Every structure is written in structure tokens, then in C-alpha cells.
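# Observations on chain architecture
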Amino acid sequence: MSQASQAGKPARIGTPRQDAALAEILGEYKHEKGALIPVLQKTQEVYGYVPREAMARISQDLKVPMSKLYGIATFYAQFHLKPRGENIIRVCQGTACHVRGGARILEAVQKELGIKPGETTPDLRFTIEPVACLGACGLSPVMMVNDDTYGRLTPEMVSEILARYARAAESA
Amino acid sequence: MKMINLTIDGRPVQVPEGTSILDAAGQLGIEIPTLCHAPELSVAGACRMCVVEVERARNLPASCATPVAEGMVVHTETPRVQKARRVVLELMLANHPKECLLCEKNGDCRLQDYAYRYQVNWPEAGKGGEVRTFPIDTTNPFFIRDHQKCILCGKCVRACQEVRGVAAIDYANRGFYTKITTAYDVPLQESPCQFCGQCVDACPVGALTPRQSIGVGRAWEIRKVQTTCTYCGVGCSIDLHVKGDRVVGASASKMSPANRGRICVKGKFGWDFIHRPDRLTTPLVRKGGGKDAELVPASWEEALDLVAKRLGEIRDKHGSEALAGLTSAKATNEENYLMQKLTRGVFGTNNIDHCARLCHASTVAGLAMAFGSGAMTNSIEEIDQSDVILVMGSNTTEGHPVIGLQVKNAVKKGAKLIVADPRKIELTELAHLHLQLVPGTNVALLNGLMHVILAEGLQSQKFIDSRTEGFARLKEAVAEYTPDYVSKITGVPAEKIREAARLYARAANATILYAMGITQHTTGTDNVLSIANLAMLCGQVGRPYTGVDPLRGQNNVQGACDMGGLPNVYPGYQPVDKPENREKFEASWGAELSDKPGLTVTEIMAAAEAGKIHGLYIFGENPMMSDPDLNHVEKALRHLDFLVVQDIFLTETAALADVVLPGVSFAEKDGSFTNTERRVQRVRQAVPPVGQARQDWEIIAEVAERMGHPWENRKPADVMREMAALTPIYGGISLERLGDEGLQWPCPTPEHPGTPYLHADKFSRGPGKFHAITFRKPAELPDKEYPLILTTGRILFHYHTGTLSRRSKGLGTLRPYERAEINPSDAERLDLADGDFAVVKSRRGQVTTRVQVTDRVPAGVVFMTFHFKESAANILTNNAVDPVAKIPEFKVAAVNVRKATAAEVEKLAGAGVELVAATGEGA
Ligand code: SF4
Ligand code: SF4
Ligand code: SF4
Ligand code: FES
Ligand code: FES
């Protein structure tokens with residue numbers, strides 16, 4: 001009921017450029033019933049995640065219930081409903097890493113950034129993603145920052161590694 | 001249809017092709033257990049509880065999802081099948097809290113029943129594996145959602161999507177974490193949920209529990225009584241759940257074609273006013289008799305004697321015409337019949353009317369002039385099979401929620417929907433065309449449609465020639481209403497007018513639904529006549545799925561009219577000024593009757609103020625909230641010598657009475673209601689009257705007796721028999737005959753099956769009559785001082801004057817106060833933000849209210865409901881009336897709006913909140 005009673009002008013979601021891209025996607029899929037996954041994927045490409053307002057717009061334009069879109073977006077791991085950081089940190093929690101202190105690495109990352117797995121720092125620099133085996137068990141314990149893999153870690157090394165990405169972001 | 005032969009558990013059966021194994025087994029009376037299946041929902045095939053063994057098939061197919069095949073041999077209870085079912089149950093129980101002890105579903109739970117049937121227990125301690133932990137959702141006032149008890153059968157999801165078209169909920173997350181919830185897991189009241197309870201009724205386990213039923217009774221202690229909802233004119237059939245002498249729940253009944261297993265939030269959760277502690281339980285009289293003395297409890301003898309004595313004195317001193325009665329659109333047919341009999345036969349006057357005057361008097365007058373019968377022509381069940389639906393001045397999904405579902409279903413099946421309404425109501429989201437007209441310009445719009453139809457030759461000449469009269473004058477009258485001219489008056493683009501005209505005229509079957517947006521105008525009768533013109537012009541009446549369908553407001557407003565609760569007609573619309581009618585009723589009643597048509601509600605009020613009406617008997621009505629220009633009504637009522645009010649609560653009106661007589665609610669009485677589609681349905685007593693409250697028929701009959709008219713027929717079945725004998729359209733109806741489905745009048749003889757649609761071969765009056773109508777402006781238009789148009793209406797969660805719905809805990813909590821709607825552009829100019837307080841003022845008075853800033857209303861229009869007495873819209877409305885039907889113009893009044901001062905806000909905060917407060921802790 002609340003949805004129907006809200007005032008109607010399309011509010012801004014992201015940058016005008018992003019919003020225009022969304023409008024284009026919606027135009028493209030308007031008559032394609034059931035193509036909800038591609039629509040959500042493309043929306044995520046535009047904004048980096050699926051903003052709630054974007055989902056509302058999809059729901060309105062394609063006449064799909066919001067509950068259904070939310071269901072899809074939470075079913076597939078590929079969709080993110082919150083903004084993600086520029087740098088994605090994956091700390092392995094697989095068996096090999098676990099045995100060799102993976103949990104302590106994760107702890108160190110959490111402490112350094114002040115966020116929990118699944119969360120993003122308020123400055124949108126870092127997101128921690130919990131993962132099972134990263135497939136580099138020989139190097140355990142392992143973590144990845146974006147596409148870079150770091151192995152044989154000790155908690156002490158974490159702060160220095162992260163600092164590199166913080167700096168990179170600043171100079172960029 | 002191709003028939004298939006198969007064998008189930010050794011017994012042969014023949015069923016149509018496409019039938020599922022489950023249904024085929026059902027035909028043999030073999031009950032296969034199901035968890036995710038329901039006949040009214042699509043097949044999910046998700047739970048695998050219904051698996052069966054089919055010879056020569058490798059797997060065990062789910063019987064609900066597998067169609068029969070020729071020669072199939074099915075076994076439903078083999079060891080293999082039983083083992084598979086046990087596994088399903090074991091998996092569910094492993095993840096299910098052990099809470100049967102306090103669970104409301106205990107005794108009526110499929111999981112529990114099947115666990116017993118297949119002797120499956122909880123997993124042994126420590127062997128169950130990990131258990132889900134979800135917080136229990138207690139955020140809404142109607143029902144509790146316990147995700148841990150949920151077996152993820154998805155019935156609620158499908159019920160919400162498929163039956164209601166709402167889709168508030170769906171599966172979210174994945175695997176172990178899967179749960180059924182709203183988008184973003186917000187509380188239901190922040191989702192599109194309408195709290196219809198369809199999901200609650202669908203749930204096979206205890207995951208969805210109405211708050212009202214917690215701790216009040218076990219499944220096996222509760223009996224269900226099928227009756228008819230007391231709120232709106234849809235007349236949904238509901239089952240009241242009763243334990244001992246208390247109603248403890250309600251659910252939709254599948255028996256009546258009026259609603260087929262669907263109800264709205266009011267029917268499902270709004271019944272709890274029945275047991276409110278502030279019900280009237282004894283008669284009340286004024287202490288010492290003084291006008292302003294306190295109302296104090298009195299005995300029935302004292303109160304009834306006083307009523308009879310005072311009304312008798314007035315009759316003797318000032319004559320019969322100094323008395324009047326208002327009957328009740330909430331009460332049963334039988335009670336309405338007695339009330340008009342009291343007024344006519346005992347008081348000796350035709351001064352009897354009721355709130356139909358305020359909602360559909362123009363329908364009754366207009367359709368009688370055009371067709372000869374002032375009722376909905378077709379049936380609710382037909383609506384979803386129309387090809388084009390024109391909805392005019394009806395916020396159907398809120399005002400008549402279950403009829404709203406029929407409209408939604410029609411659209412789902414491919415019908416085209418045209419909505420003509422000043423506001424962006426919910427249906428406009430589905431509409432192919434929204435004609436957003438300026439309030440009060442309906443005649444212009446309708447004439448415009450007819451102009452286009454005639455200009456393009458789309459009329460049904462055959463129908464016009466064979467079934468109607470007056471066509472030439474109509475043609476002349478609409479000639480000047482070109483789309484461009486009409487566009488200027490109505491604000492609707494000319495192209496949309498053309499499109500709408502073509503859609504309607506070309507449809508194989510088109511129907512028009514309308515409500516108070518059409519009738520509550522000084523041009524109400526003209527509006528109705530114009531609608532009738534349009535339907536006849538295109539031959540869209542007199543066949544199934546077509547018609548002119550006025551949606552009646554109150555649960556029994558149709559019945560109150562049918563029973564002669566109108567000043568000009570006896571029961572069955574037999575005019576009082578026809579001598580043969582009068583003689584018939586005189587002979588039956590043994591009383592002398594007046595041949596002079598009586599006064600209408602609005603005229604009664606004016607006459608009271610003028611000192612011409614001295615005594616008034618108000619039965620189950622609340623004019624102090626429902627009538628226009630309330631300040632005026634109050635003056636009129638205070639001016640009476642004697643006012644009797646018979647009701648179940650001390651309403652705003654009852655508070656002014658000299659004597660208050662406590663009647664009973666729908667749950668405490670027997671009889672019948674007639675819904676908007678002319679379906680007469682049973683009302684069955686579920687619980688005994690509260691306190692010393694008495695049956696309304698008994699009270700009325702006692703007054704009659706004390707005034708010298710002891711009636712023989714007093715009890716509902718007897719009254720119905722008396723009425724039917726005098727009323728041809730009800731001639732074949734008796735309480736015994738109504739059964740679970742009811743009967744639609746006309747039903748002239750005991751063998752007659754009832755009439756789903758009217759005017760099949762000819763109109764009730766003979767030929768249908770076209771009327772030449774020209775557009776007239778509303779009585780009051782915006783000007784410099786009052787620049788905005790106020791229009792009024794209702795919302796889903798409340799009913800009329802709020803007497804009942806505001807006393808319901810859930811409804812009162814969800815929507816505790818008025819939120820006047822105002823367009824963002826007006827709000828900005830007036831410096832009002834959403835949730836701010838404003839003062840709305842008209843020439844007649846002013847009220848303070850919260851505002852809601854929304855583009856549901858166009859610029860220049862303010863919308864208010866009449867549910868909230870502390871922000872009573874009817875203080876503002878205009879009592880200018882339609883010249884024919886005398887219906888007041890509730891839909892257009894000129895107002896101005898300004899921000900409220902701190903003092904005004906404070907005053908509002910102190911007023912009228914006692915209902916809500918009492919609701920919060922009471923019942
Ligand atoms: S109460 Fe009605 S609208 Fe709300 S979730 Fe249940 S079925 Fe849907
Ligand atoms: S809440 Fe009830 S109806 Fe809905 S999925 Fe769970 S068990 Fe089924
Ligand atoms: S209020 Fe109307 S729609 Fe709702 S349950 Fe009652 S009769 Fe049905
Ligand atoms: S367990 Fe960490 S990389 Fe395999
Ligand atoms: S009832 Fe058939 S699969 Fe659930």
C-alpha cells in the first residue's frame with residue numbers, strides 16, 4: 001500500500017548517466033517477459049550493485065512484483081544489493097586455510113577495516129567477502145584482493161597489504 | 001472432451017483428459033496427502049508429499065502435478081510410497097520447532113496430521129542437524145509470521161499472487177536460509193500487502209497465525225457458522241469461528257458465488273468490535289427526562305414504555321406527519337421490513353428513509369426511469385468474463401475489494417480496463433485508459449463518449465430499434481459534445497475520449513461499474529441516466545458479462561431499499577401513491593396507511609430544524625457522521641422533541657438521543673442481507689446477544705405493540721414469509737430456501753431459480769428509455785476564497801463512519817487517523833509536507849487533519865474520507881441535493897487549506913483518540 005501512495009516523479013538513483021543507462025535497459029526489456037536475470041545483471045553492471053530504487057523502477061516498468069525481483073536477487077550469489085567497495089577482499093575459509101589460521105587472517109582484516117564479512121567500508125573502498133576454498137591450498141592461508149592473490153599469510157602482513165590498495169585509491 | 005480410463009488402488013475410474021492423478025483419486029474418495037497443493041492455486045509440485053506409485057514408471061510421480069494417462073495403474077499407499085512420504089516428513093520435522101503445545105494450528109495442522117498418519121517423530125536429540133533460526137515477525141497488527149514453522153510450501157505466495165494479484169511476498173534467499181518474505185524483508189505494512197488474510201487461510205501449518213486467535217481456543221473446540229459479512233455491499237460469505245459464546249475468528253467461505261473463498265481485511269479481521277467492552281448492554285434514558293440530562297441505564301420496560309408513550313403523544317398532538325423513522329442499511333431485511341412497517345403502519349406516515357439516500361438514491365431513481373429497476377443488472381461472477389470494463393467513480397479495490405479482484409482477474413484474462421476517476425486509484429495502474437476528469441463533469445464525459453460513438457457509427461442500431469425509445473432526442477442532446485468541447489470541460493484529452501468510446505462500443509461484452517463518484521452529485525440522477533444511455537446505445541445490457549452495475553455501499557443497503565426503507569415505495573418498489581398497493585398492505589397489516597410519499601433523510605433533517613418533525617426513531621444509522629453539513633444535522637437533531645436511537649454502540653448520533661435501545665450485531669442475529677448483485681443471503685446467529693441487548697426485530701415489535709399494534713409475525717422466518725407474500729420480486733424467497741449460496745431477485749415463485757442478470761428480453765419498464773441530458777456544473781465551484789475542490793470517499797481499512805472498523809483492534813491500529821490527500825504542487829504552495837497538520841475549511845465549517853502529499857489526487861483537488869470523527873469530512877461537505885433523487889453532493893465542495901497552528905494540532909490530538917487508545921489495550 002505504501003508504494004501506491006508515494007508521489008510519482010522518478011527520483012534520481014545514481015548519476016544521470018547511470019539512470020539513463022537503466023532507462024535504456026528497461027526500454028529494451030519492456031516487452032520481453034521473464035528476462036529478469038539479464039535485466040538485473042545489466043542493472044548491476046551500471047551501478048555496481050542493484051540499488052533498491054532501481055529494483056523499484058524495474059518492478060514498475062516491467063510490471064513484475066518487487067517481491068519476485070528481490071527473490072531472484074537474493075537467490076543468485078552474483079547479485080549485490082548493497083554498494084560494493086572498489087576493492088573486494090576474499091579471505092579463504094576453506095579447510096586447508098582454516099587449519100593454518102585462516103580465521104585469524106579474517107579477524108585481522110576485519111579489525112583493520114572495522115567491518116564484518118559481507119560489509120563495505122563507509123568510504124566504499126573495501127568490501128569483505130567470505131569465501132570457501134580459493135583453489136590455492138598450497139599457499140594457505142590465502143586471501144585475494146581483487147585479482148591479486150596473497151599466500152602464506154600471517155596476521156601481521158594484512159595491514160601492509162591493505163595499505164597498498166588504500167594508497168592506490170588515493171593516487172587514482 | 002476426451003475421457004481417460006485408469007485404475008487407482010484397484011478401482012477403475014474415468015476422468016476428462018488433463019485431470020491430475022490427485023483429482024482422479026479424489027473422485028474415488030481416496031485421499032492422497034498434500035502439503036503444497038490447493039485446488040484454487042496453480043500446481044507447484046514442490047513438497048512431494050503426494051507421490052504415488054504408477055506401474056511401469058521408474059520414479060514416484062507427484063500426483064498433483066501428473067496428468068492421468070489411458071490405462072494407467074496407480075497405487076497410492078504402497079510401502080515404497082509411504083517410505084517416500086516419511087522421508088519428506090522427517091526432513092521437515094528436522095527443521096521444525098517442537099511447539100505443538102502452544103501452536104494455534106494444533107489439531108488442524110497438515111504436518112502434524114501426516115506425521116501422525118505415517119508415524120514420524122521429531123529427530124532424536126542431537127541427530128537433527130542444524131536448525132534454522134529466524135526471528136518471529138510480530139510487526140503487523142493482524143497476524144504473526146513464524147518463519148521457523150514455515151515448510152516452504154509456497155501456498156501463501158501463490159495465494160497472494162494468483163488469488164489477490166498483490167504479490168507482496170515471495171521466496172527469498174537460498175538453500176538453508178530460504179524464507180518467504182517481502183521485498184527487502186520489510187514489515188508487511190511497508191509492502192503492498194492488504195492484509196486480506198488469504199495467505200493465512202492457505203497456510204497448512206502454524207506459520208501464519210491471526211493475533212485474534214492466540215490462546216482463545218483449540219481447533220476442536222471451535223465451531224464454524226456460515227454467515228454474511230457485515231461491512232460492504234459485496235456481501236462476502238464468511239465463516240465465523242466460535243468458541244462458546246464468543247467469536248474468535250473468521251475466514252472466507254467458498255460457498256457463495258459472491259466471493260468464492262475471498263474476503264478482505266475487514267471481513268477477515270474486522271469483526272472484533274462484536275465483543276468490545278463499550279458495546280451498549282442496557283437501554284439508556286435521560287435522567288429526570290431533561291434534554292441535557294445524563295444518559296443513564298434503564299430497564300427495558302421503562303425504556304420501551306417511554307418510547308411508545310412519547311411517540312404516541314407526538315402522533316396525537318401533531319399528527320402522523322410529525323414523526324419519522326430512519327431504517328438501517330446494516331440491519332437484516334426482516335428488521336428493515338419491520339421498521340418500515342412500524343413507520344407506515346403504526347406512526348401512520350411514509351417518512352421513512354435511510355442512508356441509501358446518501359449513496360445510491362440517484363441510482364434507484366435513474367435506473368428506474370431508464371430501465372424500470374434500480375439495481376445492479378448483472379452479477380459479480382460475470383465481471384471477470386467481460387471484454388471491456390468501464391469503472392467510473394468507483395475506487396473498487398478499496399470500496400468493494402472482492403469486486404476489485406474480479407476486475408483484476410478480468411484484466412489478467414485480457415479484458416481492457418477504462419477507469420474514469422479524478423484520482424489515480426489502484427485500478428489505474430492496470431488500466432488501459434485513465435480518464436482523469438475534473439470532479440463533477442461526468443455527464444459531459446459520457447455525452448462525449450456517446451458523441452464519438454454516434455459520429456463513428458459504432459452504436460448498436462438493432463438494439464436501439466428493438467429495445468428502446470427516445471433515441472432521437474438523445475442524438476440531438478449529445479450532438480454538441482464533441483471531444484474537443486468535452487475535453488475543455490473535463491480536462492480529459494480528446495484522443496482518450498475517442499479511444500474509450502471505441503473500446504466500449506466495439507467490445508463483444510462490456511460492463512460498466514460505478515459507485516459514489518457517479519451518484520453523490522447534484523447531477524447524480526443525470527449521471528446515472530447518462531450511463532444507462534451509453535449502455536443502451538451500444539446494446540451492452542441484458543446479456544451476460546455486460547450491464548450497468550452500481551456497486552452498493554453497505555452490506556444491506558440493497559435490502560433496505562428492497563424492503564421499502566424509502567419514503568415513496570412499499571417493499572419491492574411498489575409506489576405508495578398507487579391505491580391498489582396501499583389497499584394490499586392495509587389489508588395485510590390491518591392498519592390505515594398514508595398515500596402521501598414521505599420525506600427523505602435530508603428533508604427530515606430540514607423539517608426537524610423547522611419544527612415540523614417532532615419525533616424521530618433512528619435505527620442503526622449515524623447521520624451525525626454520514627450526512628453532509630454535520631453542524632446542520634446536529635442542530636436539527638437537538639431541535640427534536642424526542643429522539644430514539646437503536647444501535648450497538650453509543651454513536652455520535654446516539655449520544656444526542658432521549659432514549660437509546662441496545663440492539664445486536666450481525667453475529668448475534670438471524671435473517672438475511674441482500675448484496676449489491678441482488679443476492680439474498682443468510683445471516684446466521686453465531687453467539688448470544690451481549691448483556692441485555694435484544695434482537696432488533698424484537699425491539700421494533702415491542703414498540704409497535706405498545707403503540708397498539710401487536711404483530712403476529714415477529715421472528716425473521718415469519719417476517720420473511722409475510723414480506724414475500726406482499727412483494728412480487730421476493731415472492732419465491734424464504735429463509736429456508738436461501739441455503740449456503742443465496743438467491744438473486746427477482747425470484748417470484750418458490751420454484752424460480754433466481755435471476756443472475758436483468759432485462760434479458762425486455763427491460764422491466766418495457767422499452768428502455770433514453771434521456772436527453774445536458775451537462776450542469778456542480779453546485780459549488782472553487783473560487784478565490786475557496787480555491788480547491790474537496791472530494792470524499794473511503795479507504796480499504798475502514799468502513800463508513802468508523803463505528804465498527806475503528807473499534808477493531810487491527811484496523812484501528814493500522815490506520816488510526818485521517819490522512820487527507822493533497823497534490824505535491826498544492827502542498828508546496830501551502831508549505832505542507834507529508835504528515836503535516838492542516839486546516840481544511842469550507843463555507844460550512846472547518847476540520848483539522850494530517851495530510852498526505854501524493855499525486856494520487858490531481859492539482860486543485862483534496863481527498864478526504866468520512867471515517868474519522870475528529871477530522872470529519874462531512875462538516876465540510878455541501879448539502880445541496882440532486883433535484884430528483886435528493887442525494888447530496890458529497891463529491892464536490894469548495895474548500896481552502898492552510899497549515900494548522902500549534903493550538904489546532906493540540907486540539908486534534910485530544911479529540912477522538914479514545915477509540916484508538918481503547919482499541920490498543922482492549923479486546
Ligand atoms: S495478507 Fe493478503 S496481501 Fe498480505 S501477504 Fe497475505 S495474501 Fe498477500
Ligand atoms: S508460510 Fe505457510 S503457506 Fe507460506 S510457505 Fe510457509 S508453510 Fe507454506
Ligand atoms: S467488507 Fe466487503 S469485500 Fe470485505 S469481506 Fe466484507 S463483504 Fe467482502
Ligand atoms: S582452503 Fe584456502 S585456498 Fe583451499
Ligand atoms: S502436494 Fe503435490 S507436490 Fe506438494
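Rules of the game
- Each chain has its residues counted from 1, following the order in which its sequence is written.
- Whichever chain is written first becomes A and whichever ligand is written first becomes 1, with later ones labelled in order.
- Residues qualify for local features only when their pLDDT is at least 70, as the model is predicted, and side-chain atom pairs are given and counted only at 80 or more; totals for whole chains, interfaces and linings, by contrast, use all residues.
- As a rule here, side-chain values come from all non-hydrogen atoms in the structure, and water together with hydrogens is ignored.
- Think of it this way: any DSSP run of H or I at least four residues long counts as a helix, any run of E at least two long counts as a strand, and we number them from the N terminus.
- To sort residues, take the accessible area from a 1.4 Å probe on protein chains only and compare it with the maximum for the residue type: under 20% means buried, over 50% means exposed, and anything in between is partly exposed.
- Whether two residues touch is decided by their heavy atoms; if any such pair falls within 4.5 Å, the residues are in contact.
- Using a 1.4 Å probe, accessible areas were evaluated by the Shrake-Rupley method; residue-level cover was limited to the displayed protein chains.
- Throughout, buried area stands for the accessible area (probe radius 1.4 Å) lost by two parts on being put together, summed over both.
- A pair is scored as a salt bridge if a Lys or Arg side-chain nitrogen falls within 4 Å of a carboxyl oxygen belonging to Asp or Glu.
- Counting of polar contacts relies on pairs of N or O atoms within 3.5 Å, with two restrictions inside protein: one atom must be capable of donating a hydrogen and the other of accepting it, and residues adjacent in sequence are counted only when both atoms are side-chain atoms.
- Proximity is defined per residue: any heavy atom of the residue falling within 4 Å of a molecule or strand makes that residue near it.
- When residue character is reported, Ala, Val, Leu, Ile, Met, Phe, Trp, Tyr, Cys and Pro are called nonpolar, Asp, Glu, Lys and Arg charged, and the others, Gly included, polar.
- A pair of Phe, Tyr and Trp rings is counted when the ring centres sit within 6.5 Å of each other, with Trp represented by its six-membered ring. The angle between the planes then sorts it: under 30 degrees is stacked, over 60 is edge-to-face, the rest tilted.
- Cation placement over rings: the criterion is NZ of Lys or CZ of Arg within 6 Å of the ring centroid and within 35° of the ring normal.
- Taking the helix axis as origin, the arc is that swept by the directions to the C-beta atoms.
- Think of a nonpolar core as a cluster: buried Ala, Val, Leu, Ile, Met, Phe, Trp, Tyr and Cys residues, connected wherever their side-chain atoms sit within 4.5 Å.
- Strand pairing is assigned whenever DSSP detects at least two bridges linking the two strands.
- Domain extents, as shown, originate in an automatic or database domain assignment.

Attention now goes to the overall build of chain A. Along chain A, the regular secondary structure elements total seven helices and four strands. For the C-alpha atoms alone, the extent of chain A along its principal axes is close to 55 × 35 × 30 Å. Counting only residues that meet the buried cut, chain A has 41% of its 172 residues in that class. Within chain A, contacts between residues separated by at least 24 positions form 58% of all contacts whose residues are at least 6 apart in sequence. Here chain A displays about 9600 Å² of accessible surface, and carbon together with sulfur accounts for 53% of that area.

The next point concerns the interface of chain A and chain B. Taken together, the 24 residues of chain A in the interface contact 27 residues of chain B. A combined buried area of about 1900 Å² lies between chain A and chain B, and 56% of that area is made up of carbon and sulfur atoms. Applying the counting criterion to the chain A and chain B interface returns zero salt bridges. The tally of links from chain A across to chain B stands at three residue pairs in polar contact (both at pLDDT 80 or more). Counting residues per element, the ones that place at least two in the side of chain A that touches chain B are helix H3 (52–62) and helix H4 (66–75) of chain A. For the side of chain A that touches chain B, the element with the highest residue contribution is H4(A), accounting for seven residues.

The subject of this paragraph is the site of ligand 2. The full set close to ligand 2 counts 13 residues, and B:Cys150, B:Cys153, B:Gly154, B:Cys156 and B:Cys203 are the nearest of them. When grouped by side-chain class, the residues that make up the shell around ligand 2 number eleven nonpolar, one polar and one charged.

Throughout the structure, instances matching the rule amount to 21 aromatic pairs over all chains. Ring plane angle 90° and centroid distance 6.5 Å describe the contact between A:Tyr150 and A:Tyr165, whose orientation is recorded as edge-to-face. One end of the pair, A:Tyr150, is in strand S4 (residues 148–150); the other, A:Tyr165, is in helix H7 (residues 155–171), and 15 residues separate them in sequence. Accessibility assignment for this pair places A:Tyr150 and A:Tyr165 in one class, buried. Geometrically, the ring pair formed by B:Phe463 and B:Phe763 is edge-to-face, given 6.1 Å between the ring centres and 90° between the ring planes. Here B:Phe763 lies in the loop between strand S29 (743–744) and strand S30 (768–769) and B:Phe463 lies in helix H14 (residues 461–467), a separation of 300 residues in the sequence. On the accessibility criterion, B:Phe463 (11% relative accessible area) is buried. These aromatic residues form a ring-pair network of at least three members: B:Phe142, B:Phe143, B:Phe195 and B:Phe269. Sitting above the plane of the B:Phe863 ring, B:Arg423 keeps its charged end 3.4 Å from the centroid. Residue placement shows B:Arg467 over the ring face of B:Phe763; its charged tip is 4.7 Å from the ring centre.

Residues and elements named next belong to chain B. Those residues of helix H16 (residues 483–490) that fall on the buried side of the exposure criterion are Pro 483, Val 486, Ser 487, Ile 489 and Thr 490. The buried residues of H16 occupy one face: seen down the axis, they fall within an arc of 165°. Contacts from the buried residues of H16 go to helix H13 (442–455) and helix H17 (494–506). With its phi angle positive at about 80°, Gly 491 sits one or two positions after the end of H16.

Residues and elements named next belong to chain B. Within the largest apolar cluster, 100 residues are counted, with the highest numbers of intra-cluster contacts made by Phe 143, Phe 195, Leu 240 and Leu 417. The element that contributes the greatest number of residues to this core is helix H12 (residues 401–412), accounting for five residues. In this view, Phe 143 contacts Asp 137, Leu 188, Phe 195, Cys 199, Val 200, Leu 208, Thr 209, Pro 210, Arg 211 and Phe 269; residues no more than four positions away in its chain are not counted.

We now examine the environment of B:His75. Residue and element names in this part refer to chain B. Position of His 75 relative to the elements: it lies in strand S4 (residues 73–75). Judged by relative accessible area, His 75 falls into the partly exposed class, the value being 25%. Sequence separation of His 75 and Thr 7 is 68 residues, and the distance between their C-alpha atoms is 8.5 Å. Non-local contacts of His 75, meaning those with residues more than four positions away in its chain, are made with Asp 9, Val 52, Glu 53, Glu 55 and Val 81. Within the local environment of His 75, its side chain forms a polar contact with the side chain of Glu 55, the two groups lying 2.7 Å apart.

To continue, consider the pairing of strand S7 (residues 179–182) of chain B. The side chains of a regular strand alternate, residue by residue, between the two faces of the sheet. All names here are of chain B. As paired elements, strand S6 (residues 169–172) and S7 share four bridges and run antiparallel to each other. Each bridged residue has a counterpart across the sheet, and for Ile 169 the counterpart in S7 is Thr 182. If you look at the hairpin formed by S6 and S7, you'll find six residues sitting between the two strands, and Asn 173 has a positive phi there, around 65°.

What follows deals with the site of ligand 1. Close contacts around ligand 1 come from B:Phe143, B:Cys160, B:Val166, B:Cys193, B:Gln194, B:Phe195, B:Cys196, B:Gly197, B:Gln198 and B:Cys199, and that covers them all. Here the shell around ligand 1 is built from residues that sort into seven nonpolar, three polar and no charged.

As a further point, take the pairing of strand S25 (residues 642–647) of chain B. All names here are of chain B. Counting buried positions along S25 gives six out of six residues, so the element sits mostly inside the fold. The side-chain alternation of S25 yields two buried faces, one formed by Phe 642, Val 644 and Gln 646 and the other by Leu 643, Val 645 and Asp 647. Across five bridges, strand S24 (residues 615–619) lies against S25 in parallel orientation. Residue pairing across strands places Gly 615 opposite Phe 642, the latter belonging to S25.

Further remarks concern the domain arrangement of chain A. The domain architecture assigned to chain A consists of domain 1 (3–75) and domain 2 (87–171). Taking the mean C-alpha position of each, domain 1 of chain A and domain 2 of chain A sit 32 Å from one another.

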